[in-house]
Amino acid sequence: DAKTTQPPSMDCAEGRAANLPCNHSTISGNEYVYWYRQIHSQGPQYIIHGLKNNETNEMASLIITEDRKSSTLILPHATLRDTAVYYCIVYNAGGTSYGKLTFGQGTILTVHP
Amino acid sequence: GAGVSQSPSNKVTEKGKDVELRCDPISGHTALYWYRQSLGQGLEFLIYFQGNSAPDKSGLPSDRFSAERTGGSVSTLTIQRTQQEDSAVYLCASSFTGRGLKTQYFGPGTRLLVL
């Protein structure tokens, strides 16, 4: 699976948009970009995924560059409860083989009042 | 709908004792994964189930670790003769298989502390 690079930490004011970047320059054509987050003392929570097109759900938006080498997770109106470690991973979720997820260090997002 | 559930949520045990950790996957998910997350560390894959069989046990750290799955649903991870280095959060995830995307959904984890 392709590796990803994320900034170690970011801050965001409550109510503002949080934009979390991720580089995945070695992504292959059949690999999806997935975002999870882990709030302190909880299990990882699935947020969103995408292949080529931008995606939006009730939690967030995912913007993937045309060359697919980077992406940005957007939390449009961050709240204090969004403080968590955010993980960007790429893997072949649609293939015939299963996926062993590997989380890197992620980005610690701190939302402050 | 109901997500992945795990029990117990916390377990404190003495070195040398056996422990059993349980995972109830999302209904209809035939794939089930066990991971371990030590303090401040990333995810460590332990074992993968497809139905009741485990095609990949390569992540089990020693023969003290075993897992089984019955009825294509509930899975139990057993650690025999626990050691202090087994202290970690044990996470279970499940996913759909087949032609759909295999998005993994995690449970809340079992926090194991071996004294």
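Structure: above.
Residues numbered from 1 in each chain as written. Chains lettered and ligands numbered in written order. Predicted model: local features only at pLDDT ≥ 70, side-chain atom pairs only at ≥ 80, totals over all residues. Heavy atoms only, no water.

**Student:** Even after reading the chapter, I still don't get the overall build of chain B, so can you show me in this structure?
**Tutor:** The helix and strand tally for chain B stands at zero helices and eleven strands. Starting at the N terminus and walking to the C terminus, you meet the elements of chain B as β-β-β-β-β-β-β-β-β-β-β. For a compact globule of 115 residues, the expected C-alpha radius of gyration is about 13 Å, and chain B comes in at 13 Å, within 12% of that figure. Dimensions of chain B, computed from C-alpha atoms along their principal axes, come out at roughly 45 × 25 × 25 Å. For chain B, with 115 residues in total, the buried portion stands at 49%. Counting contacts in chain B only where the partners sit at least 6 residues apart, residues at least 24 apart contribute 53% of the total. Charge centroids of chain B, computed over 12 positive and 10 negative side chains, lie 5 Å from each other. (Helix = DSSP H or I, 4+ residues; strand = E, 2+ residues; numbered from the N terminus. Rg over C-alpha atoms; globule rule 2.2 N^0.38 Å. Buried < 20%, exposed > 50% of the residue type's maximum accessible area, 1.4 Å probe, protein only. Contact = heavy atoms within 4.5 Å. Lys, Arg positive; Asp, Glu negative; His and termini not counted. Charge placed at Lys NZ, Arg CZ, Asp CG, Glu CD.)

**Student:** What should I look at first to understand the sheet that holds strand E8 (residues 75-79) of chain B in this one?
**Tutor:** As a general point, the strands of a sheet are linked pairwise by backbone hydrogen bonds and lie either parallel or antiparallel. All names here are of chain B. If you walk across this open sheet you meet the four strands as E1-E3-E8-E7, and the pairing is antiparallel. The two strands at the open ends of the sheet, each matched to only one other strand, are strand E1 (5-7) and strand E7 (65-69). Across the sheet, the axes of successive neighbouring strands diverge by a mean angle of 15°, strand direction being ignored. Note: strand E3 (residues 19-24) against E8, five bridges, orientation antiparallel. Directly across from Val-19, in E8, lies its bridge partner Ile-79. (Pairing = 2+ DSSP bridges. Axes fitted to C-alpha atoms, helices over the stretch in contact; angles between N-to-C directions.)

**Student:** Can you walk me through the interface of chain A and chain B in this structure?
**Tutor:** How big an interface is tends to be stated in terms of the accessible area lost upon association of its parts. Listed per partner, the contact involves 22 residues of chain A and 21 residues of chain B. Joining chain A to chain B, the criterion identifies one salt bridge. Remark: the boundary between chain A and chain B carries eight residue pairs in polar contact (both at pLDDT 80 or more). Listed by contribution, the elements that provide at least two residues to the side of chain A that touches chain B are strand E3 (32-38), strand E4 (45-50) and strand E8 (84-91) of chain A. Among the elements that make up the side of chain A that touches chain B, the one with the highest residue count is E3 of chain A (four residues). Each residue belonging to the side of chain A that touches chain B can be placed in one class, and the counts come to eleven nonpolar, ten polar and one charged. (Salt bridge = Lys/Arg side-chain N within 4 Å of Asp/Glu carboxyl O. Polar contact = N/O pair within 3.5 Å; in protein donor to acceptor, adjacent residues only side chain to side chain. Nonpolar A, V, L, I, M, F, W, Y, C, P; charged D, E, K, R; others polar.)

**Student:** Explanation requested: a nonpolar patch on the surface in the structure shown.
**Tutor:** Residues and elements named next belong to chain B. On the surface, Val-12, Leu-113 and Leu-115 cluster together into a nonpolar patch covering about 290 Å² of accessible area. Assignment of secondary structure puts Val-12 in strand E2 (residues 10-13). Here Val-12 falls in the exposed class, since its relative accessible area comes to 54%. (Patch = residues over 30% accessible without salt bridge, like charges linked within 9 Å, V, L, I, M, F, W, Y side chains within 5 Å. Areas by Shrake-Rupley, 256 points an atom, 1.4 Å probe, with all protein chains shown as cover.)

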